[in-house]
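An overview of the molecular structure
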Amino acid sequence: MAKKDQEILLQQLQQEDEQDVTKVIEDFQAKLQKGLDDDKTKFAYAIALIVSVDNTYRRRGVDILRALLSKDPLNRDYLYYLALGHYKLGEYAESRKFSEALLSVESNNRQAKALKDLAEEKLKKEGMIGLALVGSVAVAAAGLIIFALKKK
């Protein structure tokens with residue numbers, strides 16, 4: 001069951017929302033001018049930014065959600081979309097952290113569990129790549145030392 005949830009979530013993450021972010025920004029600014037600067041409006045704006053294809057917008061969405069979370073630290077929606085936003089930004093450790101925070105509030109949340117598992121897989125993969133790079137550098141350094149010793 002968890003693997004299926006993970007596969008569904010992965011498909012959703014790979015589908016970029018093609019919404020017009022410029023329109024979302026304009027709508028948000030119009031609401032601000034009308035005095036509609038409430039958390040619900042900010043939350044909807046942050047989600048639109050996070051699902052965009054532009055990392056600059058995603059970062060802005062994450063920043064807005066962090067500000068909202070500071071007012072309501074156990075809000076499951078803020079925690080989930082922060083985990084999602086960080087995942088989409090390639091910040092897998094942060095994604096895992098917010099997924100774990102959501103799981104501490106809702107231990108049976110399948111989306112949070114699937115997102116946490118995806119983030120952990122990415123972290124493991126990055127760790128293996130890092131180890132391979134370190135190993136390659138070590139082999140190259142050893143080769144240079146051996147070459148230098150043979151020249152003497």
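This text follows the structure it describes.
Summarised in this report is the structure supplied together with it.

**Considering the nonpolar core**
Grouped together as the largest cluster of nonpolar side chains are 32 residues, with contacts concentrated most on Y45 and L65. Among the secondary structure elements, those contributing two or more residues to this core are α2 (21–33), α3 (39–50), α4 (55–71), α5 (76–88), α6 (92–105) and α7 (110–151). The residues contacting Y45, other than those within four sequence positions of it, are V24, I25, F28, R60 and I64.

**Examining the side chain of S52**
Here S52 lies in the loop between α3 and α4. By relative accessible area, which is 2% here, S52 ends up buried. Here the side chain of S52 touches D54 through a polar contact of 3.4 Å, landing on its backbone oxygen.

About the thresholds
Residues numbered from 1 in each chain as written. Predicted model: local features only at pLDDT ≥ 70, side-chain atom pairs only at ≥ 80, totals over all residues. Heavy atoms only, no water. Core = buried A, V, L, I, M, F, W, Y, C linked by side-chain atoms within 4.5 Å. Buried < 20%, exposed > 50% of the residue type's maximum accessible area, 1.4 Å probe, protein only. Helix = DSSP H or I, 4+ residues; strand = E, 2+ residues; numbered from the N terminus. Contact = heavy atoms within 4.5 Å. Polar contact = N/O pair within 3.5 Å; in protein donor to acceptor, adjacent residues only side chain to side chain.

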